[in-house]
Amino acid sequence: MRAAGAIFRRALVDGKVVTASFAVVFAAMGFANAVGYRRTYPTTRERLELARTFGLNKAVQLFYGRPHDLLTVGGYAGWRLAGFGSILASAWAVFAVVRVLRAEEDHDRQDLVLANPVSRRHAYAAALAAVAAAAVILWLVAMLALVAASLPVGGSAYLALVTISPAAVFAGVAAVASQIGATRRVALQLSLGVLGVAYLLRVVADIAGGAGAVRWATPLGWVEELRPFAQPNPAPLLLLGLAAAVLLVVAGAIVTRRDIGNGLLPAHDTAPPRLGLLRSPGTEALRAERGSLAAWALGIGTFAVTVGVLSTAFSKANISTALEHELRKLGGTSIVTPAGALGFYFVFFVLLLSLFACSQVASARREEADQRLELLLALPVGRARWLGGRVVLATLATAALAMVAGVLAWIGAAIEHAGVSLPRLIGAGANTLPAALCFLGLGLLAFGLAPRASVGIAYGLVVGAFLLQLFGALVGAPGWVLDLSPFSHVAAVPGAPFRAGAAAVMVAVGLAAAALAFASFARRDLYAG
Amino acid sequence: MQTPAIHTEGLSKRYGSTLALDSLDLAVEPGEVYGYLGPNGAGKTTTIRLLLGLHRATAGRAELFGRDAWSDAVAAHRRVAYVAGEPTLWPGLTGAETLAYLANLHGTTDAAYRDELVERFRLDAPKKVRALSKGNRQKVQLVAALATRADLLVLDEPTTGLDPLMEQVFREAVLEAKQRGQTVFLSSHILSEVEALCDRVGILREGRLVDQGTLAELRHLSAHTLDVTFAGPRPQIPELPGIHASIVDGSSMRFEVAGELTALLAELAKHDVTSLTSRQPSLEEIFLHHYDGSGGAPVA
């Protein structure tokens with residue numbers, strides 16, 4: 001038991017930064033949605049208007065699922081928080097569980113742990129208990145944020161529970177995937193693949209006519225049936241708990257039977273040499289990242305086709321003035337035209353591409369943390385050449401993903417005869433780049449100045465700026481604070497004209513930060529992880 | 001006089017409040033095999049990181065073949081090959097792919113010699129690095145470094161994880177490199193390896209170079225040791241200058257002699273000696289001379 005306690009504490013401490021980050025996001029979403037709704041829709045008349053228009057809009061349901069009650073603060077907050085937060089909580093559970101169950105084995109640390117007087121069953125249970133404890137923290141924080149926004153305690157506790165609940169199922173999915181895949185990467189791909197399918201099934205259930213029964217095929221659909229603040233029905237919680245229990249028991253049974261360090265899928269450890277892309281550190285990075293680049297392209301492409309198809313879902317007839325006002329704060333344009341709707345959606349591509357830029361900073365940092373960079377720099381490879389290769393790769397890959405977004409959104413829009421031309425949507429894709437490159441430059445600067453904290457800083461800047469953009473206006477932050485977020489300076493192309501001045505400033509900030517990054521990286525020691 | 005392969009002056013490195021390397025003055029001549037000895041944490045890897053321009057010196061300077069280790073690192077590295085103590089490598093590449101990548105980056109690699117080394121080290125080249133044991137990953141690094149035929153090989157505890165057969169292959173390869181006139185900087189705490197390979201040895205203790213020289217020079221600093229057994233009970237031997245006597249048992253004594261042996265031999269000749277062995281101190285004894293075994297202050 002003593003050893004199990006040590007494993008539990010280690011796992012909890014290892015995950016503390018990620019847990020704290022998600023807690024902040026849940027708290028911000030819960031608080032801002034409740035407070036923002038009260039401010040924006042003070043009267044029943046406005047709330048009815050919202051329910052009639054926004055709530056029935058398929059494009060909005062893409063993110064938040066099906067609403068049950070948009071006439072009360074709790075009903076609205078429940079829809080917004082549980083609808084989107086349940087996806088976030090599921091992704092959190094996947095990363096947390098793969099981290100404690102598979103990443104430890106990747107680094108042979110699990111051998112060290114299991115050499116102690118602790119059974120595999122106890123080690124497995126202790127690691128999962130740490131994730132469960134972190135989930136309880138997330139639940140508490142989300143609940144407190146809702147209570148702070150003047151929602152009743154009981155309902156807040158239930159809504160927070162609903163939001164976190166699918167994490168249990170996806171913890172089970174990740175636990176099984178960690179037994180199947182022999183590496184962290186494979187386990188993550190399997191689990192996130194299952195999450196992607198679960199999300200697509202929810203989308204189909206919500207926005208395809210007559211497909212409501214599909215909702216029962218996905219845990220994210222069961223979450224929708226829990227109906228926080230709208231005639232709550234906790235029965236599907238049993239379904240979630242049962243699914244989680246079955247998956248966790250199956251994974252636990254495998255973990256006591258298999259070889260530690262291996263998975264059920266055989267690892268392909270021998271291969272004839274393929275010597276392509278090994279000429280320089282930059283091309284090697286492309287080689288190492290190609291799988292993840294393909295996954296990003298697939299995800300962004302799927303999303304782009306979907307928003308293209310949905311670009312005609314808004315019309316003058318079914319939009320309220322209050323809603324128009326709220327959305328203008330996000331995208332700064334009218335969304336009733338297809339071009340305007342696409343401009344609104346492309347704000348999310350700015351977010352995705354900025355996160356992708358962060359992932360490239362993280363990849364560079366990993367090469368340093370794993371001490372592979374020492375080997376490279378001990379060769380006749382200069383620091384500027386190495387970092388330059390990384391920057392070129394990150395920039396070109398971000399640009400390529402922006403083009404994927406533009407072209408595939410055009411294909412989706414063309415299917416629905418939305419009448420937005422290919423050049424305009426390629427322009428919309430290109431318009432996402434200045435902000436993403438600004439974040440890339442800032443992430444690089446963090447890498448140059450504070451390498452150990454750089455990955456957290458890079459992601460933190462993007463998420464913080466996006467939350468500010470999303471909720472800053474709703475909770476009444478002053479204008480100069482809102483202006484700090486690069487998101488507020490991205491024009492909603494193609495619905496609004498390109499803002500060349502703002503784009504130039506963002507590119508200039510990115511370039512200046514990158515230049516400082518090169519200068520500081522050239523002067524500093526290398527730091528192992 | 002030719003340019004030294006490695007030259008440092010007052011080279012120091014401070015990490016926060018820890019002085020990891022304290023004013024190192026070092027000169028390694030071309031063609032020399034230099035053993036860099038010290039226990040864990042003495043500053044061996046710090047020295048190497050400074051020599052390779054991976055970390056920046058707090059004070060002093062380092063040069064490789066006359067080129068500044070920090071500001072002219074890329075040019076210096078064209079003549080250097082490095083083997084790291086903690087081989088992580090690229091998990092998704094196979095051994096052969098890793099060798100190709102490192103060869104591409106170095107620019108000069110003797111492909112025929114590389115293939116020969118792959119054979120001699122029995123490297124499982126088609127296997128991915130993530131599936132290799134520590135020793136096998138070390139072999140990938142060693143083959144890559146040796147195959148460059150670089151003028152200077154910087155080896156940081158290169159044989160950790162190697163089995164005795166591979167350790168033997170490694171020693172042969174280093175001696176071949178020496179015969180070709182390559183310089184080797186071998187950081188190690190394996191004394192037999194250093195004794196077998198190195199022309200000169202430096203001993204590092206808590207960031208300071210406490211002793212340096214050829215093995216013969218280092219030995220002169222220490223005593224000869226004579227173990228003597230007498231036929232009967234041990235006699236009374238008078239105190240002699242520069243000689244330290246200790247009693248082993250009823251009929252045996254040990255003498256540590258710092259200077260001339262003549263006076264002691266003359267004294268011993270007066271007694272019935274059945275056995276006398278004389279030996280010079282091993283590198284291990286010289287090394288332990290600088291550490292009291294518990295890592296504390298050196299034995300005076």
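Only a predicted model underlies this, so the values are computations on that prediction, with no experimental measurement involved.

## Let's talk about the overall build of chain B
The number of helices and strands found in chain B is ten helices and 14 strands. Its C-alpha atoms put chain B at 70 × 45 × 40 Å along the principal axes. Across chain B, every contact between residues at least 6 apart in sequence was considered, and the portion connecting residues at least 24 apart equals 68%.

## What about the overall build of chain A?
Summing up its helical and strand segments, chain A has 22 helices and zero strands in all. On C-alpha atoms alone, chain A measures out to a radius of gyration of 23 Å, which is about the 24 Å that the 2.2 N^0.38 rule sets for 529 residues. C-alpha atoms of chain A, sized along the principal axes, occupy 65 × 55 × 40 Å. Taken across its 529 residues, chain A has 51% of its residues classed as buried. Within chain A, contacts between residues at least 6 apart in sequence are counted, and of these 76% link residues at least 24 apart.

## With respect to the nonpolar core
Counting 250 residues, the largest nonpolar core has Ala93, Val97, Ala171, Ala174 and Leu342 of chain A together with Phe185 of chain B as the members making the most contacts within it. At 17 residues, the largest contribution of residues to this core is made by helix H15 (residues 338-369) of chain A. Non-local contacts of Phe185 of chain B, meaning those with residues more than four positions away in its chain, are made with Ile6, Val28, Tyr34, Tyr36, Leu152, Leu153, Val154 and Leu155 of chain B. One finds Leu226, Val228, Ile243 and Leu264 of chain B within the second-largest nonpolar core, a separate group that totals five residues.

## A look at the pairing of strand E14 (residues 273-279) of chain B
Looking along a regular strand, one sees side chains alternate from face to face of the sheet. Residue and element names in this part refer to chain B. With zero of seven residues buried, E14 lies mostly on the surface of the structure. Taken together, the six bridges between strand E11 (residues 224-230) and E14 define a ladder with antiparallel strand orientation. Of the residues in E14, the one forming a bridge with Val228 is Leu276.

## Some details on the confidence of the model for chain B
Residues and elements named next belong to chain B. Confidence in the prediction for chain B averages 89 pLDDT; 95% of positions are at 70 or higher. Scored below 50 in pLDDT, residues 293-300 shows nine contacts in the model against residues more than four places distant or in partner chains. The ipTM assigned to the predicted complex is 0.83, against a pTM of 0.87.

## Things to note about unusual backbone geometry
The omega angle of the peptide bond from Val493 of chain A to Pro494 of chain A is 10°, so this bond is cis rather than trans. By the secondary structure assignment, Pro494 of chain A is in the loop between helix H21 (479-482) and helix H22 (500-523). The residue Arg149 of chain B is not glycine, and still its phi comes out positive at about 55°. Inspection of the secondary structure assignment puts Arg149 of chain B in the loop between helix H5 (134-147) and strand E7 (152-156).

## Things to note about the environment of Ala453 of chain A
Positionally, Ala453 of chain A belongs in the loop between helix H19 (433-449) and helix H20 (454-471). Using a count of 14 C-beta atoms within 10 Å as the deciding quantity, one classes Ala453 of chain A as partly exposed.

## Quick word on the interface of chain B and chain A
Contacts between chain B and chain A engage 28 residues on the former and 27 residues on the latter. Those elements giving two or more residues to the side of chain B that touches chain A turn out to be helix H2 (73-77) and helix H3 (95-106) of chain B. If you tally residues by element for the side of chain B that touches chain A, the top one is H3 of chain B, at eight residues. Split into classes, the residues belonging to the side of chain B that touches chain A amount to 14 nonpolar, eight polar and six charged.

## Re the sheet that holds strand E13 (residues 252-257) of chain B
All names here are of chain B. Taken in spatial order, the four strands make up an open sheet running E12-E13-E11-E14, and their pairing is antiparallel. Each having just a single partner strand, strand E12 (243-247) and E14 make up the two edges of the open sheet. Sheet twist, expressed as the average angle between the axes of neighbouring strands with direction ignored, equals 20°. Sheet analysis places E11 next to E13, joined by six bridges and oriented antiparallel. Counterpart to Leu226 in the pairing with E13 is Phe255.

## Describing the domain arrangement of chain B
As far as domains go, chain B holds domain 1 (6-216) and domain 2 (223-279). Using C-alpha coordinates to define each centre, domain 1 of chain B is positioned 44 Å away from domain 2 of chain B.

## Thoughts on the confidence of the model for chain A
On average, residues of chain A score 91 in pLDDT, and 96% of them reach the 70 mark or higher. Within chain A, the lowest mean pLDDT, 62, falls on helix H14 (residues 321-331) of chain A, and the highest, 98, falls on H19 of chain A.

## Some thoughts on the packing of helix H5 (residues 73-106) of chain A against helix H8 (residues 153-164) of chain A
Residues and elements named next belong to chain A. Closest axis-to-axis distance for the H5/H8 pair is 7 Å, and the angle between their directions is 30°. If you check the angle between H5 and H8, you find them roughly parallel. Along its contact with H5, which presents Gly74, Ala77, Gly78, Leu81, Ala82, Gly85, Ser86 and Ala89, the element H8 presents Gly155, Leu159, Val162, Thr163 and Ile164. Grouping the amino acids of the contact of H5 with H8 by side-chain chemistry returns seven nonpolar, six polar and no charged.

## A closer look at the sheet that holds strand E8 (residues 183-188) of chain B
Residue and element names in this part refer to chain B. An order of E6-E7-E8-E3-E9-E10 is seen for the six strands of this open sheet, with the pairing classed as mixed. In this open sheet, the two edge strands, each paired with only one partner strand, are strand E6 (80-83) and strand E10 (208-214). Here the average twist between neighbouring strands, direction ignored, is 15°. In this sheet, E8 lies alongside strand E3 (residues 33-37) in parallel orientation, the contact comprising five bridges. Residue pairing for E8: Val33 is matched across the bridge by Val184. The strands touched by H5 within the sheet are E6 and E7, with E6 carrying the most contacts at an inclination of about 170°. Across the sheet, helix H6 (residues 164-179) touches E3, E7 and E8, and the angle it forms with E8 is around 145°.

## Focus: the domain arrangement of chain A
Residues and elements named next belong to chain A. When the domains of chain A are assigned, the result is domain 1 (1-264) and domain 2 (277-529). Relative to domain 2, the C-alpha centre of domain 1 lies at a distance of 26 Å. Mapped by element, the contributors of at least two residues to the side of domain 1 that touches domain 2 are helix H2 (16-40), helix H3 (44-53) and helix H4 (58-64). When residues in the side of domain 1 that touches domain 2 are grouped by element, the largest group, eight residues, is from H2. Looking at the side of domain 1 that touches domain 2, its residues break down into ten nonpolar, four polar and four charged.

## Concerning H5 of chain A
In an α-helix, one turn spans 3.6 residues; hence positions three or four apart end up facing the same way. Residue and element names in this part refer to chain A. Helix length check: H5, at 34 residues, gives a terminal C-alpha distance of 46 Å against a target of 50 Å (1.5 Å per residue), a fit within 8%. Maximal helix bending in H5 amounts to about 45°, located at Arg99. Of all 34 residues making up H5, 28 are buried, and the element is well covered by its neighbours. Two residues or fewer past H5, Asp108 is found with a positive phi of approximately 60°.

## Some thoughts on the pairing of E8 of chain B
Residue and element names in this part refer to chain B. In terms of burial, E8 is largely enclosed, as six of its six residues are buried. The side-chain alternation of E8 yields two buried faces, one formed by Thr183, Phe185 and Ser187 and the other by Val184, Leu186 and Ser188. Strand direction decides the pairing type here: E7 and E8, joined by five bridges, are parallel. If you follow Leu153 over to E8, its bridge partner there is Val184. Crossover handedness for the path E7 to H6 to E8: right-handed.

## Observations regarding the packing of helix H17 (residues 383-415) of chain A against H19 of chain A
All names here are of chain A. The contact between H17 and H19 brings their axes to 11 Å, and the two run at 155°. Taken together, H17 and H19 sit at an angle that is classed as roughly antiparallel. Every pair of crossing elements has a handedness; the one defined by H17 and H19 is right-handed. Between H17, through Val391, Ala394, Thr395, Thr398, Ala399 and Ala402, and H19, the contact on the second element is made entirely by Leu433, Ala436, Leu437, Leu440 and Leu444. Within the contact of H17 with H19, the residues separate by chemical class into nine nonpolar, two polar and no charged.

## Side note on the environment of Glu267 of chain B
All names here are of chain B. Relative to the elements of secondary structure, Glu267 occurs in helix H9 (residues 262-268). For the pair Glu267 and Ser246, spaced 21 residues apart in sequence, the C-alpha to C-alpha distance is 16 Å. When near neighbours in sequence (up to four residues on either side) are disregarded, Glu267 contacts Ile237, Pro238 and Leu240.

Conventions we followed
- Residues numbered from 1 in each chain as written.
- Chains lettered and ligands numbered in written order.
- Predicted model: local features only at pLDDT ≥ 70, side-chain atom pairs only at ≥ 80, totals over all residues.
- Helix = DSSP H or I, 4+ residues; strand = E, 2+ residues; numbered from the N terminus.
- Contact = placed C-beta atoms within 7 Å.
- Rg over C-alpha atoms; globule rule 2.2 N^0.38 Å.
- Buried ≥ 20, exposed ≤ 12 C-beta atoms within 10 Å, placed from the backbone.
- Core = buried A, V, L, I, M, F, W, Y, C linked by C-beta atoms within 7 Å.
- Pairing = 2+ DSSP bridges.
- pLDDT = per-residue confidence, 0-100.
- Nonpolar A, V, L, I, M, F, W, Y, C, P; charged D, E, K, R; others polar.
- Axes fitted to C-alpha atoms, helices over the stretch in contact; angles between N-to-C directions.
- Domains from an automatic or database assignment.
- Parallel < 35°, antiparallel > 145°, perpendicular 65-115°, else oblique.
- Expected span 1.5 Å × (residues − 1).
- Bend = angle between axes of the 7 residues up to and from the residue.
- Right-handed = clockwise from strand over helix to strand, strands pointing away.
- Left-handed = near helix turned anticlockwise from the far one by under 90°.

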